Amino acid sequence: MSQWEVVIGLETHVQLQTKSKIFSGASTAFGAEPNRQACAVDIALPGVLPVLNREAVVCAIKFGLAVDGDIASRSIFARKNYFYPDLPKGYQISQYEIPVVAGGGLDIKVSRGDTPTDKRVRLTRAHLEEDAGKSLHEDFHGKTGIDLNRAGTPLLEIVTEPDMGSSAEAVAYAKALHSLVTWIGICDGNMQEGSFRCDANVSVRRPGAPLGTRREIKNLNSFRFLQQAIDYEIGWQINEIEEGRKIHQATVLFDPDTGATRAMRSKEDAHDYRYFPDPDLLPLEITPAWIDEVKAGLPELPQAMQARFEAEYGLSAYDAAVITTQRAAGDFFQLAVSVAGAENAKLIANWMQGELSARLNREERDIADSPISAVQLAGMVRRIADGTLSSKLAKEVFDALWNLEAADADAVIEARGLKQMSDASAIEPIIDEVLAANPKSIEEFRAGKEKAFNALVGQVMKATKGKANPQQVNDLLRRKLAG
């Protein structure tokens, strides 16, 4: 593989989180019966005219600001002509020559040996357009059904430069983009429902050679499929070239069942679509005042929040990056720290990445739907920090809170008598009893066997039903054994 260089660019269709379509008032809600959310504009009845959805433009401005792109003060809509059954007008309204956003970039982590490093993926453009309908081929007795509910749904198509050199980099970029568009609230990110779909342009070449002929893999709606499809395509193209065959530009589909790509049609170029300005839509004009208004409503962006968590709370770059993968997680952490205190930030991060993350994953929940609130977790962490709870007892409290058995950690501690024993005068007699009952372990410890000491600690913790402060048990036990 080292004899070959891989070149990848991605085009991502992000469905914008608006209540109505980009050029009509029809609903964008997912899951309706076929053709129940397609109005006269969407199905192209004679005489209808499109009206631009202002909120879709706001979403585009938010994205442009978030990626440090250039937001066009004047952009235009064009007709992209092609003929498919799910496109009633015979053209798609999109943007071509003057997109709403140009340039910008997104930073990702890439592996360079054992050390992850930063890499910036440059963006070519982001433009507004309408989605097409959907052709349905299943359960129609050999016929195709057309569902126009998606027709006219607002999309932001985000196009990168060919800056990625592996499927891993492409997936890292797609995940970073997914995180960003959900973070700023312009997309719900639901890949199963088609809200976030990637097309991958893949080519290979010998190092230093001109760019190879690319093939475009269409409509990849999971990160796993994106990686599998690119890896297969890379291997296929290399094999074709090494066997003396030429790569022909084409659009291909990925079959998850076979793990292979297959050609769908020869790849079109821009001139094949006969773009021309849409005569029914005025140019889109975005003033500096409008941009400032949108900017004022943007949340703190992921990288800024990550840097702040490192600076203010002393989190490692890794911890801060994990916590800011989702805006909901970042907000959860921030609220928990505000309740428990900055001195407990690391402990909160540990519980979020440990027990909380494991439970959420096991039950396929998002942190926004966590049964344990940030305030409840903070209350439990405070009791760990002040010595009321041991780590073992804290897990019992966590279970009770998760199962909605109490309003807060203090209520669980009170109801179950879980307060940690931290009084040396109460622990010492128990240690004396354990030592008296285990003379053999004492001999083994004094002979240099550390396992014997751990066994004695275990006996003390068992005798106190896990309530003794483990550090105090260790200290007292060692002092008595040394005496």
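Parameters and conventions
- Residues numbered from 1 in each chain as written.
- Predicted model: local features only at pLDDT ≥ 70, side-chain atom pairs only at ≥ 80, totals over all residues.
- Heavy atoms only, no water.
- Helix = DSSP H or I, 4+ residues; strand = E, 2+ residues; numbered from the N terminus.
- Rg over C-alpha atoms; globule rule 2.2 N^0.38 Å.
- Contact = heavy atoms within 4.5 Å.
- Lys, Arg positive; Asp, Glu negative; His and termini not counted.
- Charge placed at Lys NZ, Arg CZ, Asp CG, Glu CD.
- 1 Å grid on protein atoms, 1.4 Å probe; cavity = no way out; pocket = protein on both sides within 12 Å on 5 of 7 lines; lining within 4 Å.
- Points joined across faces, edges and corners; volume = space filled by probe spheres on them.
- Nonpolar A, V, L, I, M, F, W, Y, C, P; charged D, E, K, R; others polar.
- Buried < 20%, exposed > 50% of the residue type's maximum accessible area, 1.4 Å probe, protein only.
- Pairing = 2+ DSSP bridges.
- Axes fitted to C-alpha atoms, helices over the stretch in contact; angles between N-to-C directions.
- Parallel < 35°, antiparallel > 145°, perpendicular 65-115°, else oblique.
- Left-handed = near helix turned anticlockwise from the far one by under 90°.
- Expected span 1.5 Å × (residues − 1).
- Arc of directions from axis to C-beta.
- Right-handed = clockwise from strand over helix to strand, strands pointing away.

What follows is about the overall build of the chain. Across its full length, the chain carries 15 helices and 17 strands. Compactness check: the chain gives a C-alpha radius of gyration of 30 Å against a globular reference of 23 Å for 483 residues, more than 25% above the reference. Over its C-alpha atoms, taken along the principal directions, the chain stretches across nearly 95 × 55 × 50 Å. If you take every contact in the chain between residues at least 6 apart in sequence, the share linking residues at least 24 apart comes to 68%. Averaging the locations of the 55 positively and 67 negatively charged side chains of the chain gives two centres separated by 3 Å.

What follows is about empty space enclosed by the protein. All chains considered together, the criterion is met by one cavity of 30 Å³ or more. Here the largest cavity is characterised by a volume of approximately 40 Å³. Considering the residues around the largest cavity, the lining is formed by Asp-42, Asp-86, Leu-87, Pro-88, Lys-89, Glu-130, Asp-131, Ala-132, Ala-151 and Gly-152. A breakdown of the residues in the lining of the largest cavity according to their chemical character gives four nonpolar, one polar and five charged.

For the rest of this paragraph, the subject is the pairing of strand E4 (residues 78-81). In E4, alternate side chains face the same way, and those of Ala-78 and Lys-80 on one face and Arg-79 and Asn-81 on the other are all buried. Across four bridges, the pairing between E4 and strand E5 (residues 91-94) is antiparallel. By the bridge assignment, Ala-78 is partnered in E5 with Ser-94. Pairing between E4 and strand E16 (residues 276-277): two bridges, direction antiparallel. What sits directly across from Arg-79, in E16, is Phe-276.

Once that is clear, we can look at the packing of helix H14 (residues 450-463) against helix H15 (residues 470-482). Packing of H14 against H15 brings their axes to within 10 Å, and their N-to-C directions diverge by 125°. As summarised for this structure, H14 and H15 are arranged oblique, according to the angle between their axes. Here the hand of the crossing between H14 and H15 comes out right-handed. Contacts between H14 and H15 involve Glu-450, Phe-453, Leu-456, Val-457, Val-460 and Met-461 from the first element and Pro-470, Val-473, Asn-474, Leu-477, Arg-478 and Leu-481 from the second. Considering only residue class, the contact of H14 with H15 consists of nine nonpolar, one polar and two charged.

Looking now at the layout of surface pockets. Here the second largest pocket is characterised by a volume of approximately 1,900 Å³. Contributing to the lining of the second largest pocket are 49 residues, with Ser-179, Ala-321, Thr-324, Thr-325 and Gln-326 lying nearest its centre. Breaking the lining of the second largest pocket down by element, the ones donating at least two residues are strand E7 (105-112), strand E8 (115-130), helix H2 (167-183), helix H3 (223-242), helix H5 (302-313), helix H6 (317-323), helix H7 (327-340) and helix H8 (345-362). For the lining of the second largest pocket, the element with the highest residue contribution is H2, accounting for 10 residues.

Another aspect to go through is helix H12 (residues 424-437). End to end, H12 covers 20 Å across 14 residues, agreeing with the expected 20 Å (1.5 Å per residue, within 8%). Those residues of H12 not exposed but buried are Ile-427, Ile-430, Ile-431, Val-434 and Leu-435. An end-on view of H12 places all buried positions within 140° of arc, on one side of the element. Those residues of H12 that are exposed and aimed more than 90 degrees away from the buried face are Ser-425, Glu-433, Ala-436 and Ala-437. In this fold, the buried residues of H12 make contact with helix H13 (439-446), H14 and H15.

Hydrogen bonding along the main chain pairs the strands of a sheet, whether they run parallel or antiparallel. The antiparallel open sheet is built from three strands, whose spatial order is E5-E4-E16. Every interior strand has two partners, whereas the edge strands, E5 and E16, have only one.

Of all six residues that make up strand E13 (residues 215-220), five are buried, and the element is covered over most of its length. Pairing analysis gives four bridges linking strand E12 (residues 196-205) to E13, with the strands arranged antiparallel. Paired with Val-202 across the bridge in E13 is Arg-215. Alignment of E13 against strand E14 (residues 250-255), held across three bridges, turns out to be parallel. Pairing of Ile-217 across the sheet is with Val-252, part of E14. Since E13 and E14 lie parallel, the crossover through H3 that links them has a hand, and here it is left-handed.

Right, let's talk about H5 for a bit. Between its first and last C-alpha atoms H5 spans 16 Å; for 12 residues at 1.5 Å apiece the expected length is 16 Å, and the two agree. Where H5 is concerned, the buried positions are Pro-302, Met-305, Gln-306, Phe-309 and Tyr-313. Within H5, the buried residues cover an arc of 105° as seen down the axis, which keeps them to one side. Exposed side of H5, more than 90 degrees from the buried face: Gln-303 and Ala-311 are the residues found there. Of the surrounding elements, those touching the buried residues of H5 are H2, H6, H7 and H8. Taken from the residues just after H5, Gly-314 is the one with a positive phi, measuring 70°.

Right, let's get into the environment of Ile-8. With respect to the helices and strands, Ile-8 occurs in strand E1 (residues 5-15). Through-space distance from the C-alpha of Ile-8 to that of Ala-229 is 12 Å; in sequence the pair is 221 residues apart. Ile-8 has contacts with Glu-161, Pro-162, Asp-163, Met-164, Gly-165, Ser-166, Ser-167, Ala-170, Asn-201, Val-202 and Ile-230, leaving out every residue within four places of it along the chain.

The values are spatial; any link to function lies outside them.
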